[in-house]
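Listed here are the chains, written in short residue letters.
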Amino acid sequence: MIPPEADNESPSGPVADLPEVAPQLRGLRRRASLTLEAAARAAGLSPAHLSRLETGQRQPSLPMLLALARIYGTTVSELLGETAAERDAIVRAADMEPTAAGGWTYWQAGASGRGMQALRVHVPYGSQGDVVRVHPGEEWLHVLRGRLRLSLGDTTHRLGPGDSAHFDSLTPHRIAAQDPDGVELLFVHTLLQSPTATLCLGPTPGDMP
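The rules behind these values
Residue positions are given per chain, counting from 1 as you read along its sequence in written order. Side-chain atom pairs in this predicted model are given and counted only at pLDDT of 80 or more, local residue features only at pLDDT of at least 70, and totals for whole chains, interfaces and linings cover all residues. Side-chain numbers come from the whole structure's heavy atoms, not from hydrogens or water. Burial status follows relative accessibility: with a 1.4 Å probe on protein chains alone, a residue under 20% of its type maximum counts as buried, one over 50% as exposed, and anything between as partly exposed. Strands here are runs of E lasting at least two residues and helices are runs of H or I lasting at least four, both read from the DSSP assignment and numbered beginning at the N terminus. Any two residues whose heavy atoms approach within 4.5 Å at even a single point are treated as in contact. Here the nonpolar core consists of buried residues drawn from Ala, Val, Leu, Ile, Met, Phe, Trp, Tyr and Cys, with membership extended through side-chain atoms lying within 4.5 Å. Stacked, edge-to-face and tilted are the three classes for Phe, Tyr and Trp ring pairs, Trp counted by its six-membered ring, which pair at centre distances within 6.5 Å; planes under 30 degrees apart are stacked, over 60 edge-to-face, the rest tilted. A ring is considered to have a charge above it if a Lys NZ or an Arg CZ atom is located within 6 Å of its centre and within 35 degrees of its normal. DSSP bridges decide pairing: two strands pair if at least two such bridges lie between them. Inter-axis angles, ranging from 0 to 180 degrees, are taken between N-to-C directions of lines fitted to C-alpha atoms, where helices are fitted over the stretch in contact. Should an angle fall under 35 degrees it is called roughly parallel, over 145 degrees roughly antiparallel, and 65 to 115 degrees roughly perpendicular, with every other angle called oblique. The hand of a helix crossing depends on one turn: near helix anticlockwise from the far one by less than a right angle means left-handed, and clockwise means right-handed. Here the nonpolar group is Ala, Val, Leu, Ile, Met, Phe, Trp, Tyr, Cys and Pro; Asp, Glu, Lys and Arg are the charged ones; every other residue, Gly included, is treated as polar.

J.: What is the right way to look at helix H2 (residues 36-43) in this model?
T.: Structural remark: α-helix, 3.6 residues per turn; residues separated by three or four positions point the same way. Of all the eight residues making up H2, six are buried; the element is thus mostly covered by neighbouring parts of the structure. Taken together, the buried positions of H2 are Leu36, Ala38, Ala39, Ala40, Ala42 and Ala43. Buried positions along H2 lie against helix H1 (21-31), helix H3 (47-54) and helix H4 (62-72). Positive backbone phi, at 75°, marks glycine 44, one or two positions downstream of H2.

J.: How should I be thinking about the nonpolar core in this particular structure?
T.: In summary, soluble globular proteins display a tendency toward joint burial of nonpolar side chains. By size, the foremost hydrophobic cluster in this structure holds 21 residues, and its most contacted members are Leu25, Leu34, Leu45, Leu50, Leu68, Tyr72 and Leu79. Only H1, H2, H3 and H4 provide two or more residues apiece to this core. Membership of the second largest hydrophobic core comes to 19 residues, among which are Leu150, Ala165, Ala177 and Val183.

J.: Got a minute to help me understand the packing of aromatic side chains in this structure?
T.: Each aromatic ring pair is described using two quantities: the centre-to-centre distance and the angle formed by the ring planes. Per the stated rule, a full pass over the model turns up zero aromatic pairs. Positioned above the aromatic ring of tryptophan 107 is the side chain of arginine 120, whose terminal nitrogen or guanidinium carbon lies 4.1 Å from the ring centre.

J.: Can you walk me through the sheet that holds strand E3 (residues 117-123) in this structure?
T.: Picture the strands of a sheet paired through backbone hydrogen bonds; they go either parallel or antiparallel. Taken in spatial order, the six strands make up an open sheet running E1-E2-E3-E9-E4-E7, and their pairing is antiparallel. A single partner strand is all that each edge strand has here, and the edge strands are strand E1 (99-101) and strand E7 (164-168). This sheet shows a mean twist of 25° between the axes of neighbouring strands, independent of strand direction. Of the strand pairs in this sheet, E3 and strand E9 (residues 183-189) are connected by seven bridges, and their pairing is antiparallel. Its bridge partner being in E9, glutamine 117 is matched across the sheet by histidine 189.

J.: Help me understand the packing of H1 against H4 in this model?
T.: The axes of two packed helices give the description: the angle between them and the distance between them. Put simply, H1 and H4 touch, their axes get as near as 9 Å, and they point 30° apart. The pairing of H1 with H4 is recorded here as roughly parallel in orientation. In terms of crossing hand, the pair formed by H1 and H4 is left-handed. Contacts between H1 and H4 pair Val21, Leu25, Leu28, Arg29 and Arg31 from the former with Leu65, Leu68 and Tyr72 from the latter. Its residues assigned to classes, the contact of H1 with H4 comprises six nonpolar, no polar and two charged.

J.: Could you clarify how one ought to interpret the environment of serine 169 in this entry?
T.: Inspection of the secondary structure assignment puts serine 169 in the loop between E7 and strand E8 (173-177). Sequence separation between serine 169 and glutamate 139 is 30 residues; the distance between their C-alpha atoms is 6.1 Å.

J.: Is there a simple way to think about the pairing of strand E6 (residues 155-159) in this case?
T.: Successive side chains on a regular strand alternate, one facing one side of the sheet and the next facing the other. Inspection of the sheet shows strand E5 (residues 148-152) paired to E6 by five bridges, in the antiparallel sense. Bridged to arginine 149 within E6 is arginine 158. The hairpin formed by E5 and E6 contains two residues between the paired strands, and glycine 153 there has a positive phi angle of roughly 60°.

Nothing here speaks to function; it is geometry throughout.
Okay, structure coming up:
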């Protein structure tokens, strides 16, 4: 957590002459579907302090920019209004190396550095089904194979092949396979900088990744 007045300290003091930061901060927060209060809480700031950053009345420190970039699912370069280099639009199957985290296996199905992260995920039976996840952003998932038990708040849904779900990630949610063979999903989320291991292992309610 970044202390509210961290931008007064050296060597991580204010980043000078950044006229583009204020509108970028507000625009990226709205793109992440976060209220001023939610974003400020995740960054360890008061809403009033974040509001002053968004209106240009205060300049953020570098640690604060790093924290906000992580929360908004972007990079410091984008916060500073810099144009990103052109990225390859195609992801080849041969480049999708499987990675394991928290019992899940996932394959990157989209290019890095985008505003959304796309994954193909295999969730084994009995893996992480009791972990509640809460984090900024939105999630969309589509069941490819098997059956999924998805809990959103106090409601539990059962999804089969071809079914999809699209929800706010600040809604406490749990994901579990219903079949012994597990379930395979296409999964898209808008929190670019959240490690996939965090998505698999999941912060507990009230925590922000």
